[in-house]
Amino acid sequence: VRSPSAGAALAELATEEGPGFRLVLAHRPEVVYELPLSGAADLVVAGHTHGGQISVPGFGPLVTLTSVPRHVAAGGLHEVDGTAIFVSTGVGMERGQAPPVRLFVNPTVGLVELVPG
C-alpha cells in the first residue's frame, strides 16, 4: 500500500523528459513494478527485505515478504524489467512478525557510487 504522495511521485516520473538521472528511493523493492514506464527511473534503491534474515547457502532467503525475485530480495545490485535496483540488506532485523535473528545474512551498509556514463 502506497501513500498518495508516493503515487504522485511515481506518476510524475512518466512526465519527466530530457537529460538527468532519475533515482527512486523506496522502502519496498516491489516499487520497481509500479514505475509508470520502462526506463522511468535509472536506479531504484530499496530495503525492507533484510536479505530475508535467514538464508540457506545455495538457495537464498527462505522468506522475503516481497514480490521481487528471491535473488533480488537477497540484496545487492540487480536489474528487474530493465531497471537497475539496489536492495540493501540493512543492519537490523524484523521485530514484529519474525524472530529477531539473522542467519547467513551479514548486516550491511551499501554504498552506491554514481559516476558519469
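Higher on the page you've got the structure.
What to know about the sheet that holds strand β5 (residues 76-80)
Then step 1. Here we have 4 strands laid out as an open sheet, ordered β1-β2-β6-β5, and mixed in their pairing. Looking at the sheet topology across the chains shown, the edges are occupied by β1 (23-25) and β5. Strand after strand, the sheet turns through a mean of 25° between neighbouring axes, direction not considered.
Then step 2. Of the strand pairs in this sheet, strand β2 (residues 43-46) and strand β6 (residues 83-87) are connected by 4 bridges, and their pairing is parallel. Residue pairing for β6: Ala-46 is matched across the bridge by Val-87.

Notes on the pattern of salt bridges
Where charged atoms from two side chains of opposite charge come close, those side chains can pair.
Then step 1. Scanning the model with the defined rule gives 1 salt bridge in all.
Then step 2. Among the salt bridges present, the one from Arg-28 reaches Glu-30, with a minimum N-O distance of 3.4 Å.
Then step 3. Owing to a relative accessible area of 16%, Glu-30 belongs among the buried residues under this scheme.

A few points about a nonpolar patch on the surface
Then step 1. A contiguous nonpolar patch, built from Phe-21, Leu-23, Leu-25, Val-112 and Leu-114 and spanning about 490 Å² of accessible area, is present on the exposed surface.
Then step 2. For Leu-23, a relative accessible area of 43% puts it in the partly exposed group.

Re the pairing of β6
Then step 1. Within β6, 4 of the 5 residues are buried, leaving the element largely enclosed by the surrounding structure.
Then step 2. As paired elements, β5 and β6 share 5 bridges and run antiparallel to each other. If you follow Val-80 over to β6, its bridge partner there is Thr-83.
Then step 3. Turn length for the β5-β6 hairpin, with the two strands adjacent in sequence and antiparallel, is 2 residues, and the turn residue Asp-81 shows positive phi of about 50°.

Cut-offs used in this document
Residues numbered from 1 in each chain as written. Predicted model: local features only at pLDDT ≥ 70, side-chain atom pairs only at ≥ 80, totals over all residues. Heavy atoms only, no water. Pairing = 2+ DSSP bridges. Helix = DSSP H or I, 4+ residues; strand = E, 2+ residues; numbered from the N terminus. Axes fitted to C-alpha atoms, helices over the stretch in contact; angles between N-to-C directions. Salt bridge = Lys/Arg side-chain N within 4 Å of Asp/Glu carboxyl O. Buried < 20%, exposed > 50% of the residue type's maximum accessible area, 1.4 Å probe, protein only. Patch = residues over 30% accessible without salt bridge, like charges linked within 9 Å, V, L, I, M, F, W, Y side chains within 5 Å. Areas by Shrake-Rupley, 256 points an atom, 1.4 Å probe, with all protein chains shown as cover.

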